[in-house]
Amino acid sequence: MIKAGIPYQDPTPEMQLQYSVNMEVGSVLTKLGLCMTIVGSIIRIIVGRFNKRT
């Protein structure tokens, strides 16, 4: 429900294809967002540790 919403009840083939595309786009963007959050957190921790040493 977060990415593409609730699927159509009786979709046409075009609507089904569009829903599938939207789900895939949402999936990719969610994974990228999670990876960016993790990488940003790791970088922030590393920078914080270097600043404490100097």
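Everything here concerns the structure above.
The text that follows walks through the structure, step by step, so that each part is easy to find.

The rules behind these values
- Residues numbered from 1 in each chain as written.
- Predicted model: local features only at pLDDT ≥ 70, side-chain atom pairs only at ≥ 80, totals over all residues.
- Heavy atoms only, no water.
- Helix = DSSP H or I, 4+ residues; strand = E, 2+ residues; numbered from the N terminus.
- Buried < 20%, exposed > 50% of the residue type's maximum accessible area, 1.4 Å probe, protein only.
- Expected span 1.5 Å × (residues − 1).
- Polar contact = N/O pair within 3.5 Å; in protein donor to acceptor, adjacent residues only side chain to side chain.

Let us look at the environment of Tyr8. Tracing the chain through its elements places Tyr8 in the segment before helix 1 (13–53). Note on Tyr8: relative accessible area 47%, which makes it partly exposed.

The next thing to look at is helix 1. In this model helix 1 runs 61 Å from its N-terminal to its C-terminal C-alpha over 41 residues, within 8% of the 60 Å that 1.5 Å per residue would give. Among the residues making up helix 1, those that are buried are Tyr19, Gly26 and Ser27.

This part is about the environment of Thr30. By the element assignment, Thr30 lies in helix 1. Here Thr30 falls in the partly exposed class, since its relative accessible area comes to 44%. Along the primary structure Thr30 and Asp10 are separated by 20 residues, whereas in three dimensions their C-alpha atoms are 27 Å apart. Looking at Thr30, its side chain comes within polar contact range of the main-chain oxygen of Gly26, at 2.7 Å.

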